[in-house]
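For reference, the chains in residue letters:
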Amino acid sequence: YKEMKKSIVNAKAAQRRKSNDNFAYGLPVDYERTYTTLAAELQAFYRFMTEPSTLTQEDPIRPATAQIYHRHAKLFLGWFLNTYQESITNDAASTSIYALIPSKDKESAQSFIDFILWLRRERNISDAYEANLLRGLIKFLKFRFSKESETDASYGGLTFTDIPLIKELRKLHRTASQKSHVAAKSSDEQKKWLSWPEFLMVIQKTKEETMTKIES
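No experiment lies behind these values; they were computed from the predicted model shown. (Residues numbered from 1 in each chain as written. Predicted model: local features only at pLDDT ≥ 70, side-chain atom pairs only at ≥ 80, totals over all residues. Heavy atoms only, no water.)

## Comments concerning helix α8 (residues 164-182)
Stage number 1. Its 19 residues place the ends of α8 29 Å apart at the C-alpha level, agreeing with the 27 Å of an ideal helix rising 1.5 Å per residue.
Stage number 2. For α8, the set of buried residues is L165, I166, L169, R170, H173, A176 and S177. Down the axis, α8 shows its buried residues gathered within 135° of arc, on one side only. Every exposed residue of α8 that faces more than 90 degrees away from the buried side is listed here: Q178 and V182. (Helix = DSSP H or I, 4+ residues; strand = E, 2+ residues; numbered from the N terminus. Expected span 1.5 Å × (residues − 1). Buried < 20%, exposed > 50% of the residue type's maximum accessible area, 1.4 Å probe, protein only. Arc of directions from axis to C-beta.)

## Quick notes on a nonpolar patch on the surface
Stage number 1. Taken together, the side chains of L194, W196, F199, L200 and I203 present a nonpolar region at the surface, about 510 Å² in accessible area.
Stage number 2. As for its position among the elements, I203 is in helix α9 (residues 196-215).
Stage number 3. A residue is classified by how much of its surface remains accessible, and I203, at 45% relative accessible area, is partly exposed. (Patch = residues over 30% accessible without salt bridge, like charges linked within 9 Å, V, L, I, M, F, W, Y side chains within 5 Å. Areas by Shrake-Rupley, 256 points an atom, 1.4 Å probe, with all protein chains shown as cover. Salt bridge = Lys/Arg side-chain N within 4 Å of Asp/Glu carboxyl O.)

## Observations regarding the pattern of salt bridges
Stage number 1. All chains considered together, the criterion is met by six salt bridges.
Stage number 2. Note that K139 is salt-bridged to E58, the shortest N-O span being 2.5 Å. Here K139 is found in helix α7 (residues 127-144), whereas its partner E58 is found in the loop between α3 (36-50) and α4 (63-83), with 81 residues between them in sequence.
Stage number 3. By relative accessible area, which is 8% here, K139 ends up buried.
Stage number 4. For K171, the salt bridge goes to E168, with nearest N and O atoms at 3.2 Å. In this pair, K171 and E168 both sit in helix α8, three residues apart, roughly one turn of the helix.
Stage number 5. Here E168 falls in the partly exposed class, since its relative accessible area comes to 21%.
Stage number 6. Bridged by salt links that share partners, the residues E58, K139 and K142 form one connected network.

Written out as structure tokens, the structure reads:
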């Protein structure tokens with residue numbers, strides 16, 4: 001409603017958007033046209049997360065969560081392509097995650113570490129966001145190395161324990177998660193709630209609009 005006032009619940013994020021001209025660093029909106037191979041692989045990644053498969057080693061996750069992890073992958077890939085474009089020799093259409101992340105060795109974690117360090121420095125991300133982002137990137141790496149892992153997690157053990165790269169990112173995630181539990185919230189929770197007069201106004205407006213629709 002026009003009468004409702006706008007509230008900024010996360011001042012850091014709002015300031016970041018205003019002060020940084022290069023805020024969007026992920027894959028471009030129309031990346032499917034340029035990066036056709038990557039687009040197909042990202043679609044397969046979404047199915048990997050949401051549909052049962054012999055390669056997943058885990059139960060499917062909710063589509064809403066999968067969409068977040070899918071976005072995390074696109075953010076990393078966009079940053080990676082922009083940062084390491086001089087070392088990428090393939091044309092855009094044939095660029096593949098299997099070429100961008102060729103090795104499962106722990107040394108391959110450096111690009112992901114650089115990505116996190118860049119986000120800390122340039123985006124001032126919170127510990128909670130970092131933990132959530134790493135969770136998505138770990139899921140992405142599980143998809144990337146799903147055909148190379150021979151872990152059997154049928155009896156409740158950790159999945160993909162034979163992929164050193166994933167083990168390295170799990171360490172980062174564990175540290176970020178621990179920090180997020182004790183860190184102050186980056187959003188002002190009080191600003192997420194309506195005042196009592198605002199609530200009554202919303203109810204009244206809803207009632208008026210409903211009656212108008214009924215009468216028409």
